[in-house]
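Fold and geometry: a report
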Amino acid sequence: MESAGARCSSGGSCDPDVVCEKRLFKAKLPEPLVQLACSHHHCAFPVNGNELCIWNTATAQSLFLSGHHYSISALSFGSNINPPLVCSASHERVIVWNLDECTQKVQEGFTPRGIVIRTLLGMVLHVRFSPDDQQVAVCAGNRIYMLSAKNEAILAKLDGHLAPVTAAEFCTWEKSMLISVSEDRTFKVWDYSTGQLIYQSGIITAAFPLLSLLIDEENKQLVTGCAEGQLWIFSLISDHNYRCVTHINLKKEQEKFCNKVWKSGKEIGEGQNDSKVCKTDNLRPEGSVETSLPVLLIEHCDFSVCFHNEEKMYSALNTSYFWIGTSTGLLIINLANFELEAFLSYKDYSDLSIRFARSCALTKKTVNGKVLCLITSMFEDMIAVLEVNLATLVRTQNNVFLPYGNENSLSVIARCSLLTNSPLLKGLKKNRKEPSSKTFGVKSTVKDKPLVFHNKIKSSGYTAAPRKTMFSPNTNLNKKEVSKWKTGCKCKNKEYPLDGDPPIKHEKQISVTCKPTPIFCIQYSGDGEMLACGLADKTVLIFNSNLTDTYNVFSGHDGAVNSVGWSHNKKWLVSASEDRTLRVWSVCNKEPALIMGKENFDKTVRFAQFYFLDTFILLCCGAEFHLLNFHLDTTKDDLKRYKQKSVFKLVQKFPMASTVEITSLSAVNDFYSYIVLTAGSNRALEVFDLNAGCSTAVIPEVHTRSVHQIYQNKGSSFSTQQPEAYNLFMTTAAGDGIKLWDLRTLRCERRFEGHSSRCYPCGIAVSPCGRFIASGSDDKYAYIYEMRSSTFLHKLGRHTESVINVTFSPSSPQWLHLEREDGQDDLLGFCKTSVCLKLFCFKLKAKQGFCIISCNNESSV
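Cut-off values and rules
- Residue numbers here run from 1 along each chain, matching the order of that chain's written sequence.
- Owing to the predicted nature of the model, reporting of local features is limited to residues with pLDDT of at least 70; listing and counting of side-chain atom pairs is limited to 80 or more, with chain, interface and lining totals taken over all residues.
- Hydrogen atoms and water are omitted, and side-chain values are computed over all heavy atoms in the structure.
- When DSSP finds two or more bridges between a pair of strands, those strands are recorded as paired.
- Under the DSSP-based scheme used, a helix requires at least four consecutive residues in state H or I and a strand at least two consecutive residues in state E, with every element numbered from the N terminus.
- Between N-to-C directions, angles span 0 to 180 degrees; the directions come from axes that are lines fitted to C-alpha atoms, helices contributing only their stretch in contact.
- Using a 1.4 Å probe on the protein chains alone, a residue whose accessible area is under 20% of its type maximum counts as buried, one over 50% counts as exposed, and one in between counts as partly exposed.
- In this description, contact between two residues means that some pair of their heavy atoms is separated by no more than 4.5 Å.
- We count a salt bridge whenever a side-chain nitrogen from Lys or Arg sits within 4 Å of a carboxyl oxygen from Asp or Glu.

On to the sheet that holds strand β20 (residues 230-235). Overall, antiparallel pairing links the four strands, which are arranged β18-β19-β20-β21 in an open sheet. Each having just a single partner strand, β18 (210-216) and β21 (244-249) make up the two edges of the open sheet. Each adjacent strand pair in this sheet contributes to an overall mean axis angle of 15°, direction not counted. Taken together, the five bridges between β20 and β21 define a ladder with antiparallel strand orientation. Note that in β21 the partner of I233 across the bridge is T246.

Judged by how many residues are buried, strand β35 (residues 572-577) sits mostly within the fold: six of six residues are covered. Residues W572, V574 and A576 line one face of β35 and the alternating positions L573, S575 and S577 line the opposite face, and both faces are buried. Following strand β34 (residues 561-566), the chain reverses through five residues before pairing antiparallel with β35; K570 in that reversal takes a positive phi of roughly 65°. Note that β35 and strand β36 (residues 582-586) share five bridges and pair antiparallel. Opposite S575, over in β36, you have R583 as the bridge partner.

On to the environment of V698, then. Looking at the element boundaries, V698 is found in strand β45 (residues 694-699). Residue classification places V698 among the partly exposed residues on the basis of a relative accessible area of 49%. In this structure the C-alpha to C-alpha distance between V698 and T678, which are 20 residues apart in sequence, comes to 9.6 Å. Apart from residues no more than four positions distant in its own chain, V698 is found in contact with A684, L685 and E686.

Quick look at the pairing of strand β44 (residues 685-689) now. With respect to burial, β44 is a largely interior element, five of its five residues being buried. The alternating pattern of β44 places L685, V687 and D689 on one face and E686 and F688 on the opposite face, and all of these are buried. Bridge analysis of strand β43 (residues 675-680) against β44 gives five bridges, and the strand direction is antiparallel. Its bridge partner being in β44, I675 is matched across the sheet by D689. Where β43 folds back on β44, the antiparallel hairpin that results is connected by four residues, among which R683 adopts a positive phi of roughly 70°. Across five bridges, the pairing between β44 and β45 is antiparallel.

A few words on unusual backbone geometry. The omega torsion of the bond from N82 to P83 falls at 0°, within 30 degrees of zero and hence cis. Here P83 shows up in the loop between β6 (72-77) and β7 (85-90). Phi angles above zero are rare outside glycine, and F612 is one such case at about 60°. Counting through the fold element by element, F612 comes out in the loop between β38 (605-611) and β39 (616-621). Positive phi is not limited to glycine here, since L613 has a value of about 55°. With respect to the secondary-structure elements, L613 resides in the loop between β38 and β39.

Tallied over the full model, the rule gives 15 salt bridges. Across the pair R606 and E578 runs a salt bridge, and its minimum N-O distance is 2.8 Å. Of this pair, R606 sits in strand β38 while E578 sits in the loop between β35 and β36; the two residues are 28 residues apart in sequence, bridging distant segments of the chain. By relative accessible area, which is 35% here, R606 ends up partly exposed. On the accessibility criterion, E578 (35% relative accessible area) is partly exposed. For E661, the salt bridge goes to R606, with nearest N and O atoms at 3.0 Å. Residue E661 is located in the loop between β41 (647-655) and β42 (662-667), and its partner R606 is located in strand β38; the two are separated by 55 residues in the primary sequence. Owing to a relative accessible area of 27%, E661 belongs among the partly exposed residues under this scheme. Within this structure, K22, K370 and E387 form a network of salt bridges that share partners.

Read these as geometric descriptors, not functional statements.
Structure, rendered in structure tokens:
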């Protein structure tokens, strides 16, 4: 019945350290699909049809239990370790066994007996203990029977499915909640204490039954899989109405993962990869048949063993992983980014006795970094116990992606000095060596010349009498000016709170223009005191932060303004327009300080910003971005006022590979950083190191569509984050949600789903504390996500059109503090629409910050 000794895969086609066959049992198996069971210390499976075998993983001893007259079809271990319980079910009876008592009976020479808790229920496909092991859910036919684990009593009958129930799970954080899936392709939520149906889903799949189910307690989600390799994830948060978070096609994910590993291996010279899974060809060999991937099992994966202590980025992101057991192998899915992390194919290991599995079971926890897997053969009467080295499996396939100490990984914060041939150093040298008027418009040394009528000379004062009164403050201020001064000074030396709830309450709105005019871009100044808006009517508006006054209006562009950007010193504003020009404005003047005309650009400038602490200007035009050095001079000659004294010079152009147009660009200006991120129409993202003056990395197929915005976690001068947090950035594309990336690994660490962006390119923003992400949506809501969760926290309504842009105030919420009549503290936030800026008041438990939201084509105020 049992093969002699454990067999390890030593001469297989893949790494023998990944998986080995610890034990092989040969016994007659029942015909239907069998639910196997694995726990920390035991494996349970049927032998000879109606006999139960309990194999001890520590002692390698087998315990055989008899009590069924028909073939055993379902097995499950109890939720608690002490006492160890196992439930077995067949056509004629359901039995609960206490393994400690059964072992003692065998040692004493007696035949062990279990507790028969029910008889004649019919064909049982699934059994599951409740969290306290006091009840057992038995899926028999179209019904679910809630049975007592101690006696033969039916506590409840859950009747509602139209086909056999294939799996059921208890919801641990909700009292008396049970979720079931069925061959009728739906899932149902029950209150098993009353037998009431709480929720019934629609038909999920087109033709294939749902086979497996998992409830993720950490993220409050349920995961279900069907017989055709499809996964669905639904939210179980109370106010989400069981919405579908995402859908995963395992075949496509497996193909994408293999291609990615193979291409990455070739780039670093590892084309000779030992794993056949990395050599899969998109074209199947002639005469081959494509096999389906029935999802036989979904189980939690203890993925923490794959990382060293220094790799803290993964644990910081609070990521969950789970196993997917199929007929051909095992897969590991990342529940944060919904991508495949590793894949083990049975046929790739020649020393494994089973190539196609009929059923499988896995242990939740690892022992010495290894997981036990129990599988039965689809074509032969064999049962194998496999030992999978989880860390080795991930390392052999993910060695290109996972860091080993991060010495050579990229960093947003500059970690070295400028190179001698760096383009950034060239620009700085120009500033030092050539401060003449020819290059930068600076006046030369004044020489002795005759006085003329247009020259004004002011005495230096060295012949005047000594000043006795050095300073006399102006005390003649009216009440309004004093109040305004006190309000504006509240932001000084205040820290942005790093904990608290996000803004959720709308207060009021103000009009921006007298007619419907889309607002294409918005941005706060670094101190949070001013807000810039780029409009479709060719103007740029500057508001004070509480939106009570228009600080300035800039006009001069001949096309819609599609980009605005503040300088680090808050004195300058750069704007780009559809008229193929770029202008730099002084906040105090209405005339532009610098104009870059159409003759400098072949295509429209899509994005422009200050860079390297206002040393350069970055702009993207067509398939390349430009690095410009500049000098600003707002003085005017009385006779030649038309002549621009401000000058600029092109330092270098950086083309993006294999793309027609750059669709988004991002860089940090608040501190020294060499990194520039670009996204192109080819759906790729490219990382440039301007210190080296070249491209350093390319991420292909970032989204299913072109990325329309890259947003880096820049923080603000009012908040302090961990240095590693600045390496996080987000991308978004129409119809493909939001992805969170880590620059050190160049991998998607989390996806955020829930908002709708199918019609408009909706913008995103990150709060200064780095904890929340705000997103627009074309369903007339703004969504707020928490960085550690893939599903949204709040939906902000009261919009009449699509929300296309959002932004957070960088300053402390105490920058502007209002006292309401009821004595409660409120903070001001803002919502930008195409026609108006909506003034929001968000009531916070702990003051969190301002938020500006932009809507599209909103016609009412």
